[in-house]
Amino acid sequence: MEYSHFAGDPEGAHQLPAMVGRDGLMRKINDQLAQQTSRPHILFLTGNGGIGKTRVLLEVLGLAQTKFNDILSPDYVVDLYHIQTHTPDGLAEAVWNALPPTASGRFSRYEAQKSAYARHQSSGDSRGLAEQHEAVLNAFWQDLAVVAGERKLLLMLDTAEKAVYTTRRRAEEAVDIAESWEWLARSLSIIPNALVIVAGRPQCLDLNGELEKRGIPYEVVEIPPLSEAESLAYWDEVISHTQNAGNEQLVERLNALDARMRRSAHFYSDGLPIVLSLLIDYLSMAQQGDIPAELRVDPAQVQERVGREPKTVREELEKRFVERFIHNARLGDTIDALGRAPKGVDANLLSRLLNVGLAEAERRLEEVRKFSFVKQRPTDKRFFLHDVMYEILKRHLYDKPTDASAGARASAIINQYYSDALDRAKEQLDEVMQPVWEGQRADLDFHRISQATIERQTVLAEIVYYRLRQDPGRGFLRYYRYMREAILSGQVLLDLLLQTELLTFWNEEDPTWEREEVGGIPRHVLEGLLSLRPVTRAWAEGDY
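Keep in mind that what you see is a predicted model, and the values were worked out from it rather than measured.

A. Highlighting the pairing of strand E5 (residues 194-200). Counting buried residues in E5 gives 7 out of 7 residues, a clear majority hidden from the surface. The alternating pattern of E5 places Ala194, Val196, Val198 and Gly200 and Leu195, Ile197 and Ala199 on opposite faces, both of which are buried. Where strand E1 (residues 41-46) lies against E5, 6 bridges are found, and the strand directions are parallel. By the bridge assignment, threonine 46 is partnered in E5 with glycine 200.

B. Broad picture of the nonpolar core. Grouped together as the largest cluster of nonpolar side chains are 166 residues, with contacts concentrated most on Leu33, Leu45, Phe140, Trp181, Ile197 and Phe373. If near-sequence neighbours (up to four positions away) are discounted, phenylalanine 140 is found in contact with Ala92, Val95, Trp96, Phe107, Tyr110 and Trp183. Of all hydrophobic cores here, the second largest spans 5 residues; its members include Leu429, Val432, Met433 and Ile449.

C. Representation of the environment of leucine 278 within the structure. Turning to its location among the elements, leucine 278 is positioned in helix H12 (residues 273-285). The class of leucine 278 is buried, set by a relative accessible area of 2%. C-alpha of leucine 278 to C-alpha of arginine 448: the two residues are 170 residues apart in sequence and 44 Å apart in space. Ignoring sequence-local partners within four residues, the contact set of leucine 278 consists of Ala13, Phe321, Phe325, Phe373 and Met389.

D. Looking closely at the environment of glutamate 318. Within the element layout of this structure, glutamate 318 appears in helix H14 (residues 310-326). Of the residues examined, glutamate 318 reaches a relative accessible area of 2% and is grouped as buried. Distance from glutamate 318 to glutamate 391, taken between C-alpha atoms, is 9.8 Å for residues 73 residues apart in sequence. Dropping the residues within four chain positions of it, glutamate 318 is found in contact with Ile392, Arg395 and His396.

E. Quick peek at the packing of helix H15 (residues 332-340) against helix H17 (residues 358-368). Running from N to C, H15 and H17 point in directions that differ by 90°, and their axes come no closer than 10 Å. Judged by the angle between their axes, H15 and H17 are roughly perpendicular. Contacts between H15 and H17 involve Asp333, Thr334 and Leu338 on the former and, on the latter, Arg364, Leu365 and Val368. Of the residues assigned to the contact of H15 with H17, the class counts are 3 nonpolar, 1 polar and 2 charged.

F. Looking closely at the layout of surface pockets. Considered as a void within the structure, the second largest pocket measures approximately 1,500 Å³ in volume. Along its surface, the second largest pocket is lined by 46 residues, and Pro342, Lys394, Tyr465, Arg469 and Glu508 are the ones closest to its centre. Among the elements of the structure, H15, helix H18 (387-398), helix H19 (404-432), helix H21 (446-470) and helix H23 (492-509) are those that each provide at least two residues to the lining of the second largest pocket. For the lining of the second largest pocket, the leading source of residues is H23, giving 7 residues. Class assignment of the residues belonging to the lining of the second largest pocket gives a composition of 19 nonpolar, 11 polar and 16 charged.

Thresholds, definitions, all that
Residues numbered from 1 in each chain as written. Predicted model: local features only at pLDDT ≥ 70, side-chain atom pairs only at ≥ 80, totals over all residues. Heavy atoms only, no water. Buried < 20%, exposed > 50% of the residue type's maximum accessible area, 1.4 Å probe, protein only. Helix = DSSP H or I, 4+ residues; strand = E, 2+ residues; numbered from the N terminus. Pairing = 2+ DSSP bridges. Core = buried A, V, L, I, M, F, W, Y, C linked by side-chain atoms within 4.5 Å. Contact = heavy atoms within 4.5 Å. Axes fitted to C-alpha atoms, helices over the stretch in contact; angles between N-to-C directions. Parallel < 35°, antiparallel > 145°, perpendicular 65-115°, else oblique. Nonpolar A, V, L, I, M, F, W, Y, C, P; charged D, E, K, R; others polar. 1 Å grid on protein atoms, 1.4 Å probe; cavity = no way out; pocket = protein on both sides within 12 Å on 5 of 7 lines; lining within 4 Å. Points joined across faces, edges and corners; volume = space filled by probe spheres on them.

Written out as structure tokens, the structure reads:
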């Protein structure tokens, strides 16, 4: 295949301004928003990767913000993809940051208790630390209840399957889940008129055990694939968006793809919006001879083959998508770099991975922002790919022996980036702690101490994430070293973050938890460490 045929900008894969379909689902959620309740309610939106869960959340958020003035709704969706949200402290902070400034600025108890906790930690005295920690979390709910007042509170959580660490093999088995979810379920009753919309792949439903335990009502809505009519409407929306962008040449190409081709694309995409958008882009830029023969046959034959060989069909499509994007002269390197750093890429890291200047890296990130498979975290401006794209790139590029050299180079650059970030975090902590060395403890800025400490903890946890995947044995040693530091210094949040990374890694490698070792790490060692965590955390907080 001549890759030059695919050198054009992938405009077919742009994020569309309007969601297509889902009318029945949106009416149902509209009714939930309008309903006043005396008990909190959880709505699970489930579906396979690429089904459009995040897009539904964003559409609901826009609906709540524009139509329901009596609802306290966030400015953005909190994403459980980020492990900081898997601790009670991290989730509280994420929810607080997501609230509009008119609300987040009224959390005086919470901010005061956070400062008191930071002051207590910096004193080196662990006695009473657990009680002070609990006071921080209680103050969060008290302030949230006051700010919400009589209004309905809307909380929105995405990628909830990441909060489930083990797979339930039998109905009676317990599962390991994020401590933040247990805390949320335990505390949510303080705000009776609350609606929490949780989106995730089907395994996120293992979270409902905590709700059942506390009698919190919940409802599960499965997001279906796009119907054939909705897929055809999606094509029309792409054409309209392209026309509005002034790209008449691409509009002509899209219009040249007839109804039979569009119907075939629907069956090949299996009704998944993200796959359909990638497929539309592929077809719009391919030369006639590059369009797969299987897409030029009768749609009924396509439907039959997809039903008979779904895995083969999916792999064929994914391979073509990788060829389309990775070999794109202007954008391929950027997408490749994003795929190699699942903890997010900022301009600094991208400039290193691509060996370009900082301004050029910023321009490239801005260039890919428009795609349906690219996300940006509001709090730190890092860029991420849709989880489906991470999976596609891993299967068809990064796991191949031919990628070993490029993978090793990227790993070395990422490791150095985090080493430098750790040095900066230490310098920042040294700066804010300077009054202690000068005997001026009263001049300490405990808010800055708290922020600097959290930033360092996040860097340490992300180092463990990458090291475990580069070399599990060495990564485990790195985990153990940081875990001991966390316990001996009373940093319970750091211990929770590290544990989350370890559990997530094991679950990726062994979803059924049946293997006796992963990457040289014996399971009995892992289980022994996990069983001791509550005891060591209690010791770290002086709760003994």
